[in-house]
Structures are given as structure tokens and as C-alpha cells.
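Survey of secondary and tertiary structure
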Amino acid sequence: MASSRERDVSSVCISDILSDVMAKVPRDAIWITNQAHENVIAIAFFKELTAVIFTNGAVPAMDAIDKANIKKIALYSCDLNAFDIAGRLYTLGLRGSY
Amino acid sequence: MRELSLHILDIVTNSIEAEASRVILWLEESVEKNLFSITVRDNGRGMSQEMIDAVIDPFVTTRTTRPVGMGLPLLRQAATSCGGELRIKSRIGKGTTLTASFLHNSLNRSPLGGIAETVVNLIIGAPDVHFLYGHRTDAGCFTFDSYWIYARMAELDCSQYMLVEPAQKWIMERLQSIASTA
Ligand SMILES: Nc1ncnc2c1ncn2[C@@H]1O[C@H](COP(=O)(O)OP(=O)(O)OP(=O)(O)O)[C@@H](O)[C@H]1O
Ligand SMILES: [Mg+2]
């Protein structure tokens, strides 16, 4: 949905509890969530995350996507559930954030 | 957040940081009205309308220089995801009233969590603030005044820390007595 330049990935986290992500996730992480809310994008920006993957086909509102574009955060909407997305990333060698 | 008490901790802390000398926390839980609401009223420094608009916008630029709290955007999201809303009324120099409402039966609604502990910790942490906590359910209501602690300190000639557990116990007993059977 929103594109970004090449970036490192430190780790991956799955959470729908935004305050946990705010508190715990390291920078450059990929965040998997089903919460397609603008607060997710704001937190991804503050925490300097590399990308957000929305599960089960969730898509944020257009103005939130615009904000992500401005802030250069990569957004992906994926039809798979969190388990299957995480499984694929795991086989690529990525590991959990916390 | 996992518990609504954490949101309450956050917004009452905002009131204290806004130099309020009086804070009222009012919780209303009604199965009959299908409503769960949290109201915090303070006499702190207040906010202009522009400021209110800014603090509920998670992208406001002052937040990009230092990651200030997302407290109010997260509370608003919690309320709207439960069919409710966040309302803020404020006047500069007068104070602020903030209400977060939730549909009582919303599956998205986090549990209230440790409210007795939250209230007592807030009171102990801000001894100069007069704090009033009221809680109503369909079965009844009660209030807890921070004076409860200060009166007993004088009476028993002990420190406020000795009263943390008794105060929590007092609140928990009242909570039990108004717990909905529905
Ligand atoms: N009751 C209030 N009275 C006056 N100003 C308030 C009140 N509540 C919030 N504010 C203003 O809104 C801002 C944003 O509040 P919010 O809780 O979202 O983040 P924060 O308090 O700045 O950060 P944190 O909660 O992480 O300490 C506060 O910094 C304050 O300026
Ligand atoms: Mg705050």
C-alpha cells in the first residue's frame, strides 16, 4: 500500500495491543496486526519500525495510508492470518521481538 | 490497553500534571443502559480547542520531535472500537472534563482491572490533590474521598503508606457490594 526504501529488519512482533508495542518493540521491527487503525501507523512511525503487515486482509483508511506514505513506513495487507504470515517470515530466518 | 484502569491512570496523571488541585473520577457501569463510562473532571490548567484537536491526533508534529504519550489517541480508539466515544470539554484556566464511553456489552471492551490499586496509588502519589472517586452500577453506588486516607493518618498517627492496603480493601469491599449480578 505504502512504499519504502530498503531497510533492515531487526525482528518481528505480533500484537493487537498498541500500548505493548509502544512499550516493547525495538526499532526496525516488522509488526503484524489486525488493527487497521491510524494509531498503528503513528506508533510505527515513532518506534521507527520497518513495516506493518495487516492480517486477514485488513486495510487502514485512506488518510492513514497517506500518512504512512509521508512517513515512509511500508504497509502490507495480507489475506493470510497472523499465524501463517509469521510462519513464512520465520522460515526466512526472522525471529520474535520480545 | 489490557485494562481500562491503565487508561484511567493515564488520564488522571494528565490532570495531576496539569496542576489540578481537585480531581473527580466517576465510573458508571450499567447493563440496563448498556453503558460503561469513565469521566475525569479536574480544575487544572485546561486546554484550548486547538490543543484538544492536537492531543487526540496521533500524528501531531510536536509528537514527532519527542515521542510524547499516545494516551488520548489510544483511549479514543478503545472507546470507538467499543461503540462509544471520547469527549473532552475544557476551558483554559478552569479545568477539563473528559469522558470515555463504551458499550457495556462490547466484546472489544477491556476489563476494568485493578481500579482500587490504581486509585490508591494515584492518591498516595499526589498528596496535594483532593481526589474523589465515585462508582455506580445498576446495583448501587459508592464514593471514596482521598480525605479517607488523611483523616485516618491523623487519627492513627501513621504514614499514608500504612493505609494503602486498608484503603484498597475498603474500595474492593464496596466494589463487591455493588457488583452486578446480571
Ligand atoms: N486534563 C488535562 N488538562 C490539561 N492538559 C491536558 C490534560 N490532559 C491532557 N492534556 C494535554 O494533552 C497532552 C497529551 O496527553 P497524553 O496523555 O496523550 O500524552 P502525555 O501526557 O504528553 O504523555 P504521557 O502520557 O506519555 O506522559 C498532555 O501533554 C497535556 O499537554
Ligand atoms: Mg499522559
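Just so we're clear, the structure is a prediction, and the values are computed from it rather than from any experiment.

Cut-offs applied
Position numbers for residues count from 1 along each chain, tracking the sequence in the order it is written. Here the convention is simple: chains get letters from A, ligands get numbers from 1, in the order in which they are written. Reporting in this predicted model follows two pLDDT cut-offs: at least 70 for local features of residues, and 80 or more for side-chain atom pairs to be given and counted; totals over whole chains, interfaces and linings ignore these cut-offs and use all residues. Here the side-chain values reflect all heavy atoms present in the structure, with hydrogen atoms and water set aside. The pairing criterion for strands is at least two bridges between them, as found by DSSP. Secondary structure counts use DSSP, requiring at least four H or I residues in a row for a helix and at least two E residues in a row for a strand, with both numbered from the N terminus. Whenever a helix is involved, its axis is fitted only over the stretch in contact; in every case the axis is a line through C-alpha atoms, and angles between N-to-C directions fall within 0 to 180 degrees. Only heavy atoms enter the contact rule, under which two residues are in contact if any of them lie within 4.5 Å. A quick way to say it: buried area is the sum, across both parts, of accessible area lost when two parts are put together, with a 1.4 Å probe. Salt bridge, as applied in this entry: a Lys or Arg side-chain nitrogen positioned within 4 Å of an Asp or Glu carboxyl oxygen. Relative accessibility decides the category of a residue: with a 1.4 Å probe and only protein chains considered, values under 20% of the type maximum give buried, values over 50% give exposed, and everything between is partly exposed. Here, the term right-handed applies to a crossover whose path from the first strand over the helix to the second runs clockwise when the strands point away from the viewer. An angle below 35 degrees is treated as roughly parallel, one above 145 as roughly antiparallel, one from 65 to 115 as roughly perpendicular, and anything else as oblique. For any helix crossing, the convention is left-handed if the near helix is rotated counterclockwise from the far helix by under a right angle, and right-handed if that rotation is clockwise. Residues scored as positive are Lys and Arg, those scored as negative are Asp and Glu, and His as well as the terminal groups of each chain are ignored.

As for the sheet that holds strand 5 (residues 130–137) of chain B
Residue and element names in this part refer to chain B.
- Spatially, the six strands line up as an open sheet ordered 3-4-2-1-5-6, and their pairing is mixed. Looking at which strands have only one partner, the edges of the open sheet turn out to be strand 3 (86–91) and strand 6 (140–145). The sheet shows a mean angle of 10 degrees between the axes of neighbouring strands, taken without regard to direction.
- Of the pairings in the sheet, the one linking strand 2 (residues 35–42) to strand 4 (residues 95–103) comprises eight bridges and is antiparallel in character. Looking across to strand 4, one finds that Ile-38 is bridged to Ala-100.
- Across the face of the sheet, helix 1 (residues 4–17) comes into contact with strand 1 (22–30), strand 2, strand 4 and strand 5 while running at roughly 20 degrees to strand 2.
- Its contacts with the sheet put helix 4 (residues 71–80) on strand 3 and strand 4, and the angle it makes with strand 4 is roughly 35 degrees.

A look at the interface of chain B and chain A
- On the side of chain A, 16 residues touch chain B, which itself brings 12 residues to the contact.
- Both faces combined, the contact of chain B with chain A buries some 1300 Å², and carbon together with sulfur accounts for 67% of it.
- Contact with chain A buries surface across chain B, with B:Phe59, B:Met70 and B:Gln77 losing the most and accounting together for 48% of the total.
- Counting across the interface, chain B meets chain A through two salt bridges.
- Where A:Asp20 meets B:Arg2, a salt bridge forms, and the shortest distance between an N and an O atom there is 2.4 Å.

Focus: the pattern of salt bridges
Residues and elements named next belong to chain A.
- What the rule picks out here adds up to 10 salt bridges over all chains.
- When the shortest N-O distance is used, the salt bridge between Arg-27 and Asp-28 registers 4.0 Å.
- The residue Glu-48 makes a salt bridge to Arg-27 at a minimum N-O spacing of 2.8 Å. Within this pair, whereas Glu-48 is found in the loop between helix 2 (38–46) and strand 3 (51–54), its partner Arg-27 is found in the loop between helix 1 (18–24) and strand 2 (30–33), the two being separated by 21 residues in sequence.
- What makes Glu-48 partly exposed here is its relative accessible area of 41%.
- Connected via shared salt-bridge partners are Arg-7, Arg-27, Asp-28 and Glu-48.

Considering the pairing of strand 2 of chain A
Residue and element names in this part refer to chain A.
- Alternating residues of strand 2 divide into Ile-30 and Ile-32 and Trp-31 and Thr-33, and every residue in both groups is buried.
- Where strand 1 (residues 12–14) lies against strand 2, three bridges are found, and the strand directions are parallel. In the strand pairing of strand 2, Val-12 is matched with Ile-30.
- As a crossover connection, the stretch from strand 1 through helix 1 into strand 2 is right-handed.
- Pairing analysis gives four bridges linking strand 2 to strand 3, with the strands arranged parallel. The residue bridging Ile-32 from the neighbouring strand is Ile-53, located in strand 3.
- Once you follow strand 2 into helix 2 and on to strand 3, the crossover reads as right-handed.

Overview of the environment of A:Asp79
Residue and element names in this part refer to chain A.
- Among the secondary structure elements, Asp-79 is positioned in the loop between strand 4 (74–77) and helix 4 (82–91).
- Overall, the relative accessible area of 70% leaves Asp-79 in the exposed class.
- Sequence separation between Asp-79 and Asp-63 is 16 residues; the distance between their C-alpha atoms is 21 Å.
- Not counting residues within four places of it along the chain, the set of residues in contact with Asp-79 comprises Asn-56 and Gly-57.

What about the packing of helix 5 (residues 115–125) of chain B against helix 7 (residues 164–177) of chain B?
All names here are of chain B.
- Closest axis-to-axis distance for the helix 5/helix 7 pair is 9 Å, and the angle between their directions is 140 degrees. Here helix 5 is positioned oblique relative to helix 7, judged by the angle of their axes. Two packed elements cross with a definite hand, and for helix 5 against helix 7 that hand is right-handed. Here helix 5 contributes Ile-115, Ala-116, Glu-117, Val-119, Val-120, Asn-121 and Ile-124 to the contact with helix 7, which in turn contributes Val-164, Ala-167, Gln-168, Ile-171, Met-172 and Leu-175.

Examining the side chain of B:Arg109
Residues and elements named next belong to chain B.
- With respect to the secondary-structure elements, Arg-109 resides in the loop between strand 4 and helix 5.
- Although buried, Arg-109 forms no salt bridge, and the nearest oppositely charged side chain, Glu-29, lies 5.6 Å from it.
- In this structure, Arg-109 is in contact with Leu-4, Phe-36, Cys-82, Phe-102, Leu-103 and His-104, ignoring residues within four places of it in sequence.

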